[in-house]
Amino acid sequence: MTTPALLPLSGRRIPTLSPGAASFPHHRATLRLSEKFILLLILSAFITLCFGAFFFLPDNSKHKRFDFGLEDVVELGLVYKTFVTEMTGTNKHTCETPLRDKIRADHERALQEAKEKLRKSKEELKAEIQTEKTKVAEDLKKKDGPKPLPPVSMPKLVGVNNGDPGDPDTKEKRDKIREMMKHAWDSYRQYGWGHNELKPIAKKGHSTNIFGNSQMGATIVDALDTLYIMGLHDEFKDGQEWIEQNLDFSVNAEVSVFEVNIRFIGGLLAAYYLSGQEVFKVKAVQLAEKLLPAFNTPTGIPWAMVNLKSGVGRNWGWASAGSSILAEFGTLHMEFVHLTYQTGNPAYYQKVMHIRKLLAKMDRPNGLYPNYLNPRTGRWGQHHTSVGGLGDSFYEYLLKAWLMSDKTDSEARKTYDDAIEAIERHLIRKSNGGLTFIGEWKNGHLERKMGHLTCFAGGMFALGADGSPDDKAGHYLQLGAEIAHTCHESYDRTVLKLGPEAFKFDSGLEAVAVRQNEKYYILRPEVIETYWYMWRFTHDPKYRQWGWEAVQAIDKYCRVSGGFSGVKDVYSSNPTYDDVQQSFFLAETLKYLYLLFSSDELLPLENWVFNTEAHPLPVLHLGNITLPVLNHFKMMD
């Protein structure tokens, strides 16, 4: 009988005997190495399962689980270690292999890690478990997240900051507007952070049905580019951090496709172009993917609303016979073209071009576009045409599609020119007092009423003057000036020097609201927008004067301790507040005022085109772009 060969305790195994020895039971003496390893692997799996269950099962009292005491775990470890020692007992001279050494080392390390975990407190263990869960979630998110966007050359960006007007008086006025922006932002930051908008009287968050039931921080996204342009970079960084950490589009919320496009996608793209921060582009693309299901209709005309989670779309209940609205499905082109440019995905461009081509094939009464179109049948709804609400930005985006394409999209320009010619023939009139206004066409009848929203058209006519057919540039610049004058009169004829929501031109009344529900002012930008465009094209000092009148009126009658609020009656010397600080007040009204008192070098119109929410997007010089996606831009099928 040979003398047993022993190993040190740390790597212990059962003594081995010579082949002829009979002192051990037959099953021990004849146990093969493969059988040992099979048993070893089974026990290893069991131990791993026990420790995995102990450390990673959810910590919830509603779920039953085993409670291992310290003694139980130590004893389990010792039993396991003894079994390993027994199962690996072989002749060290013939069976020692690197593989076995590795297995032994791995199990020793696992035991050591288990002992170290048992020395930690319950709170430390919970923290480790949560960290591991977070890491797993992040890894899954990276794996299943959006594909990296292709590298795209940045368009030429000119005049993204400064714009010092030069003279001290103008600079002082611009600084006042900047201070108003800071008051609006700081109030939202304090009382409504993360909510879509702010109730400045109640000093709490506010939202409307256009954003569904979600808190998507609409004011943050809408205000970003204004903050950047004004040099409020600390505030801009606060907004960027919120977007990075909190802006989530996987919410069960039914939102307006139009409003989310112009405010969120437009705002995020503008912030990206101005700052170069990639997060804004990534978020814009993520949101755009959520909007695409809205186009799943028989005609390709999108629904007005879409659920961001389910992708289910529908139209507003009040719209004519379930129709989509011209200004909504016609105000996607600018943002969607930039999305295709940034992603290389032609789907966005194809969606908006399909809409344009469908409209081109349809009959138009008197050359006018009705405001309602049924997305199921492809037929017009009620024959109501307006350059104000329901129709306005459709015409604006035809012109801006041409401008944004570096004036190469001749189809968009032709469609715009034809539409404006029909509008001038059927909707534009002069009042008895000599005021030029744009009425609304309803079932063959012209309603002599003009809305505040329609006042943007003065700026549009001026912006489109250059490039007009038949040498009409001077005519359209003059038409823009006349609209600006009419809209200023609507402000000047009120007690507060702020314009009403709508005003009439009949029964001896001109540029005055008649109905009580048309006398409110909700911080709208359209009149100031026209002042700014007219200033850029004429430099007539009256536009800055009119703009300053608006600044003083807003600061006097709309400013409250918690921000800025709309007022319910601009003809009352003691107005009541509507208690809403609209996101577009920061995105548009204050931005246009700031630009009005800045030099033309700040966001020059040769290089930038503003979307209908005043978010600046650069002109795309597509002729100089060699990306494969250029072929899609040139598709005109």
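Owing to the predicted nature of the structure, the values given are computational and were not obtained by experimental measurement.

About the cut-offs
All residue numbers refer to positions counted from 1 along the written sequence of the respective chain. Owing to the predicted nature of the model, reporting of local features is limited to residues with pLDDT of at least 70; listing and counting of side-chain atom pairs is limited to 80 or more, with chain, interface and lining totals taken over all residues. Side-chain numbers here rest on the full set of heavy atoms in the structure, without hydrogens or water. Segments assigned H or I by DSSP are reported as helices when at least four residues long, segments assigned E as strands when at least two residues long, and all are numbered from the N terminus. Residue contacts are defined here by distance: any two heavy atoms, one from each residue, within 4.5 Å place the two residues in contact. All accessible-area figures derive from a Shrake-Rupley calculation using a 1.4 Å probe, and residue coverage is judged against the displayed protein chains alone. UniProt positions are given in the numbering used here, feature names are shortened, and annotations may be inferred rather than shown by experiment. Site definitions follow a grid-based scheme: protein atoms alone, a 1 Å grid, a 1.4 Å probe that fits but cannot get out for cavities, and for pockets an open set with protein on both sides within 12 Å along at least five of seven lines, plus lining residues having an atom within 4 Å of a point. Burial classification: accessible surface area is computed with a 1.4 Å probe over protein chains only, and a residue below 20% of its type maximum counts as buried, one above 50% as exposed, and the rest as partly exposed. For two strands to be treated as a pair, DSSP must find no fewer than two bridges joining them. Note on definitions: angles span 0 to 180 degrees between N-to-C directions of axes, and those axes are lines fitted to C-alpha atoms, for helices only across the stretch in contact. Residues belong to a common nonpolar core when they are buried Ala, Val, Leu, Ile, Met, Phe, Trp, Tyr or Cys residues joined through side-chain atoms within 4.5 Å. Helix span is expected to be 1.5 Å times the residue number reduced by one. Take the seven residues that end at a residue and the seven that start at it, fit an axis to each, and the angle between those axes is the bend at that residue. Under the pairing criterion, centres of Phe, Tyr and Trp rings, with the six-membered ring standing for Trp, must be within 6.5 Å; the plane angle then separates stacked pairs below 30 degrees from edge-to-face pairs above 60, leaving the rest tilted. Grid points are joined across faces, edges and corners, and a volume is the space filled by probe spheres set on the points. Each residue is assigned to one class: nonpolar for Ala, Val, Leu, Ile, Met, Phe, Trp, Tyr, Cys and Pro, charged for Asp, Glu, Lys and Arg, and polar for all the others, Gly among them. Two N or O atoms count as a polar contact when they lie within 3.5 Å, although within protein this holds only if one can serve as hydrogen donor and the other as acceptor, and sequence-adjacent residues are included solely when both atoms are side-chain atoms.

A.B. asks: Help me out: how do you make sense of the overall build of the protein in this one?
C.D. replies: Helix and strand content of the protein: 22 helices and 19 strands. Expressed as a percentage of contacts within the protein between residues at least 6 apart in sequence, the contacts between residues at least 24 apart total 69%. Looking at the protein as shown, the accessible area adds up to about 29,300 Å², and 53% of this sits on carbon and sulfur atoms.

A.B. asks: I would appreciate a short explanation of the UniProt feature "active site" (unreviewed entry) in the protein in the present structure.
C.D. replies: Residues annotated in UniProt with the feature "active site" (unreviewed entry) correspond here to Glu-259, Asp-392, Glu-501 and Glu-526. In the annotated set above, the residues contributing to the lining of the largest pocket are Glu-259, Asp-392, Glu-501 and Glu-526. Summarising the element assignment, Asp-392 is placed in helix α15 (residues 392–404). On the basis of relative accessible area, Asp-392 is assigned to the buried category, the value being 12%. Ignoring sequence-local partners within four residues, the contact set of Asp-392 consists of Ala-327, Ser-386, Val-387, Leu-453 and Phe-456. Mapped onto the elements, Glu-501 comes out in the loop between α18 (473–492) and β14 (502–506). With sequence-adjacent residues up to four places away left out, Glu-501 is seen in contact with Gly-451, His-452, Glu-518, Tyr-520 and Arg-524.

A.B. asks: What is the right way to look at the sheet that holds strand β5 (residues 313–314) in this model?
C.D. replies: The strands making up a sheet associate through backbone hydrogen bonding, with each pair oriented either parallel or antiparallel. Reading across the sheet, the three strands line up as β3-β4-β5 and stay open at both edges, with antiparallel pairing between neighbours. Each edge of the open sheet carries a strand with a single partner, namely β3 (254–256) and β5. Sheet topology places β3 next to strand β4 (residues 305–307); three bridges connect them, and they run antiparallel. The residue bridging Glu-254 from the neighbouring strand is Asn-307, located in β4. Against the sheet, helix α10 (residues 257–275) touches β3 and β4, its axis set at about 70° to β3.

A.B. asks: Help me understand the nonpolar core in this model?
C.D. replies: Generally speaking, nonpolar side chains in soluble globular proteins are found buried as a group. By size, the foremost hydrophobic cluster in this structure holds 167 residues, and its most contacted members are Leu-359 and Phe-461. Per element, the largest residue contribution to this core is 13 residues, and it comes from α10. Apart from the residues lying within four places of it in its own chain, the contact partners of Leu-359 are Leu-326, Phe-329, Arg-364, Tyr-369, Leu-373, Trp-380 and Phe-394.

A.B. asks: What exactly am I supposed to notice about α10 here?
C.D. replies: Residues lying three or four places apart along an α-helix face the same way, a consequence of the helix completing one turn every 3.6 residues. Here α10 contains 19 residues, and its C-alpha end-to-end distance of 26 Å stays within 8% of the 27 Å for a straight helix at 1.5 Å per residue. The largest bend along α10 reaches roughly 25° and is located at Gly-266. Here α10 lies mainly inside the structure; 19 of its 19 residues are buried. Gly-276, located one to two residues past α10, shows a positive phi value of around 80°.

A.B. asks: Just checking my understanding: could you explain the packing of aromatic side chains for this structure?
C.D. replies: Counted according to the given criterion, the structure contains 25 aromatic pairs. With 5.2 Å between their ring centres and 65° between their planes, Tyr-228 and Phe-236 make a pair best called edge-to-face. The exposure class of Phe-236 is buried, given its relative accessible area of 4%. With centroids separated by 4.4 Å and ring planes inclined at 10°, the aromatic side chains of Phe-437 and Phe-505 adopt a geometry described as stacked. With Phe-437 in strand β10 (residues 436–438) and Phe-505 in strand β14, this pair connects stretches of sequence that are 68 residues apart. The buried category is assigned to Phe-505, whose relative accessible area is 3%.

A.B. asks: Sorry, what's going on with helix α21 (residues 583–596) here?
C.D. replies: Counted at 1.5 Å a residue, the expected span for α21 with its 14 residues is 20 Å, and the 20 Å between its end C-alpha atoms agrees. Along α21, the sharpest kink reaches roughly 25°, centred on Leu-590. Counting buried residues in α21 gives 14 out of 14 residues, a clear majority hidden from the surface.

A.B. asks: Please explain the layout of surface pockets as it appears in this structure.
C.D. replies: Empty space among the atoms becomes apparent when a probe as large as a water molecule is rolled across them. A volume near 1,200 Å³ is recorded for the largest pocket. Lining the largest pocket are 50 residues, and of these Gly-389, Leu-390, Leu-453, Glu-501 and Arg-524 sit closest to its centre. Of all the secondary-structure elements, those providing two or more residues to the lining of the largest pocket are α10, α12 (326–329), α15, β11 (440–442), β13 (449–451), α19 (526–538) and α21. The greatest single-element share of the lining of the largest pocket, amounting to four residues, is contributed by α10. Looking at the lining of the largest pocket residue by residue, the class counts come to 18 nonpolar, 15 polar and 17 charged.

A.B. asks: Honestly, the UniProt feature "binding site: Ca(2+)" (unreviewed entry) in the protein in this entry has me stumped. Any pointers?
C.D. replies: Mapped onto this numbering, the UniProt entry gives "binding site: Ca(2+)" (unreviewed entry) at Thr-612. Residue position: Thr-612 is located in the loop between β18 (608–610) and β19 (616–618). In contact with Thr-612, not counting residues within four places along its chain, are Ile-262, Thr-331, Ser-393, Glu-396, Tyr-397 and Glu-588. In this structure the side chain of Thr-612 is engaged in a polar contact, spanning 2.9 Å, whose partner is the side chain of Glu-396.

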